[in-house]
Amino acid sequence: MRALVIDDSRAMRSILGKIMGELRYEVVEAVNGRHGLERLREIGKPDLVLVDWNMPEMNGLDFIRAVRADRAFQDLVIMMVTTETEMAQVAKALEAGATEYLMKPFTKDTIIEKLALLGVAPA
Amino acid sequence: MALSQAAFEFARTLVRQRSGIVLENEKAYLVESRLTVVARNEGFASVDLLLEQARTQPLNGLQVKVVEAMTTNETSFFRDVQPFEALRQLVLPDLIKRRAQEKQLTIWCGAASTGQEPYSLAILLREHFPILAGWKVNILATDLSLEILERAKRGRYSQVEVNRGLSARLLVKFFDKQGLEWQLKEDIRRLITFRQLNLIEAWPWMAPADVILVRNVLIYFDVETKKAILGKVKRLLRPDGFLFLGGAETTMNLDDGFDRVEFERAGCYRLRKS
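Values in this document were obtained by computation on a predicted structure and should not be read as measured data.

### Concerning the packing of helix α3 (residues 47–56) of chain B against helix α4 (residues 62–71) of chain B
All names here are of chain B.
- Relative orientation of the contacting elements α3 and α4 amounts to 125 degrees, with a least axis distance of 8 Å. Compared by their axis directions, α3 and α4 come out oblique. Touching Leu50, Leu51, Gln53, Ala54 and Arg55 of α3 are Leu62, Gln63 and Val66, all from α4.
- Residue composition of the contact of α3 with α4, by class: 5 nonpolar, 2 polar and 1 charged.

Next up, the structure:
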């Protein structure tokens with residue numbers, strides 16, 4: 001299983017990378033939305049993308065819109081992981097094409113429960 | 001400060017007598033950590049002092065608070081996923097067919113805790129079974145703790161709680177944001193009746209149930225209490241109804257009146273045909 005983790009915070013990439021690694025995911029990192037798109041072109045379709053909302057150059061919402069515009073990535077599983085917690089923002093992310101939404105802070109268990117919902121939980 | 005053995009023994013006996021829940025020696029840490037919060041809220045300098053007061057003045061309400069603090073269990077929306085998949089794919093379609101004439105369903109959550117389980121059920125019914133809109137659906141949610149039931153009734157959850165097990169799509173559809181909390185919409189809340197019930201005491205009259213959930217609560221009881229509860233469940237469940245137990249629970253070696261329904265790890269049972 002492979003996950004693409006997109007976050008401008010090195011600390012957050014490290015936390016998510018560690019959790020996903022423990023869940024036996026191979027982790028590929030990117031530092032913003034544009035970088036994430038490049039990574040997708042390099043590695044092809046991962047099993048899961050975890051993407052932050054607020055990032056320089058290209059934010060998570062624009063990343064999701066760009067990904068969904070490509071037919072090859074229509075069914076890519078994307079979970080937004082963000083400090084944005086208003087109802088309107090959750091709705092906006094879903095409308096843009098996010099498959100799931102996780103509000104920071106979270107724990108490893110929260111991630112596992114979300115992966116179970118998404119059908120990409122480790123065996 | 002470590003809990004004294006005498007204080008632990010008192011707490012253990014009290015919890016056992018009131019709730020039937022057995023606290024083994026290695027649970028002393030749990031008693032201490034849960035009761036530290038109660039001690040602080042009630043103005044005691046230590047858990048020992050709180051328990052001393054609860055022992056010498058049994059009528060001042062502290063005993064109830066001690067028991068409630070020790071019997072509140074962790075929960076989440078759509079906990080364990082599989083039981084809800086079994087309900088969606090197997091149990092509810094089956095019951096809807098069988099009850100097509102009477103158009104009535106009765107569901108009982110026997111360890112409702114802070115409400116995530118009955119609300120998950122209500123959401124599942126709304127989301128996947130629009131046919132039930134014209135039916136009489138009774139969801140009864142009971143728990144030992146009055147304080148917990150009050151929380152459950154409000155249907156308000158923290159961000160951490162809605163992060164757990166609930167999809168963002170359902171969050172947007174069935175909740176309103178109230179300040180920092182998320183509250184279930186009124187039309188979901190009113191589907192559920194909350195009532196206090198102690199599983200180890202005599203049960204009040206309840207309507208025969210099509211589905212009974214007593215999940216993740218039997219594990220706390222000793223064998224005799226488990227048998228007694230399963231015996232009462234057997235009498236309350238309609239002959240073609242379904243019982244759900246927690247992932248670590250079983251009727252095996254306790255009551256041979258049930259057959260396990262093969263559905264992943266749903267913990268689903270039916271009454272054995274005699």
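### Overview of helix α3 (residues 60–68) of chain A
All names here are of chain A.
- Every buried residue of α3 is listed here: Gly60, Leu61, Phe63, Ile64, Val67 and Arg68. For α3, the buried positions fall inside an angular range of 160 degrees around the axis, keeping them on one side.
- Each element contacted by the buried residues of α3 is listed here: β1 (2–6), α2 (33–43), β3 (48–51), β4 (78–82) and α4 (87–96).
- The N-cap of α3, judged by a side-chain oxygen 3.1 Å from the amide nitrogen of Leu61 a few residues on, is Asn59.

### With respect to the pairing of β1 of chain A
Residues and elements named next belong to chain A.
- Across the 5 residues that make up β1, a large majority, 4, are buried.
- Of the pairings in the sheet, the one linking β1 to strand β2 (residues 26–30) comprises 5 bridges and is parallel in character. Bridge assignment links Val5 to a residue of β2, and that residue is Glu29.
- Following the backbone out of β1, through helix α1 (residues 10–22) and into the adjacent parallel β2, one traces a crossover that is right-handed.

### Considerations on the domain arrangement of chain B
All names here are of chain B.
- Looking at chain B, the domain boundaries give domain 1 (5–71) and domain 2 (82–271).
- When each unit is reduced to the centre of its C-alpha atoms, the spacing between domain 1 and domain 2 is 29 Å.
- On the side of domain 2, 10 residues touch domain 1, which itself brings 10 residues to the contact.
- Of the roughly 790 Å² buried at the junction of domain 1 and domain 2 (both faces included), carbon and sulfur atoms supply 50%.
- At the boundary of domain 1 with domain 2, the tally comes to 1 salt bridge.
- Linking domain 1 to domain 2 there are 4 residue pairs in polar contact (both at pLDDT 80 or more).
- Listed by contribution, the elements that provide at least two residues to the side of domain 1 that touches domain 2 are α1 (5–19) and α4.
- Residue contributions to the side of domain 1 that touches domain 2 peak at 4 residues, all from α1.

### With respect to the pattern of salt bridges
All names here are of chain B.
- Overall, the coordinates contain 35 salt bridges over all chains when judged by the stated rule.
- One salt bridge connects Asp210 with Arg99, and the closest N-O pair in it is separated by 2.7 Å. Within this pair, whereas Asp210 is found in strand β7 (residues 209–214), its partner Arg99 is found in the loop between α5 (82–98) and β1 (104–109), the two being separated by 111 residues in sequence. The two residues Asp210 and Arg99 agree in class, both being buried.
- For Asp176, the salt bridge goes to Lys185, with nearest N and O atoms at 2.9 Å.

About the cut-offs
Residues numbered from 1 in each chain as written. Chains lettered and ligands numbered in written order. Predicted model: local features only at pLDDT ≥ 70, side-chain atom pairs only at ≥ 80, totals over all residues. Heavy atoms only, no water. Axes fitted to C-alpha atoms, helices over the stretch in contact; angles between N-to-C directions. Helix = DSSP H or I, 4+ residues; strand = E, 2+ residues; numbered from the N terminus. Parallel < 35°, antiparallel > 145°, perpendicular 65-115°, else oblique. Contact = heavy atoms within 4.5 Å. Nonpolar A, V, L, I, M, F, W, Y, C, P; charged D, E, K, R; others polar. Buried < 20%, exposed > 50% of the residue type's maximum accessible area, 1.4 Å probe, protein only. Arc of directions from axis to C-beta. Polar contact = N/O pair within 3.5 Å; in protein donor to acceptor, adjacent residues only side chain to side chain. Pairing = 2+ DSSP bridges. Right-handed = clockwise from strand over helix to strand, strands pointing away. Domains from an automatic or database assignment. Buried area = accessible area lost by both parts, 1.4 Å probe. Salt bridge = Lys/Arg side-chain N within 4 Å of Asp/Glu carboxyl O.

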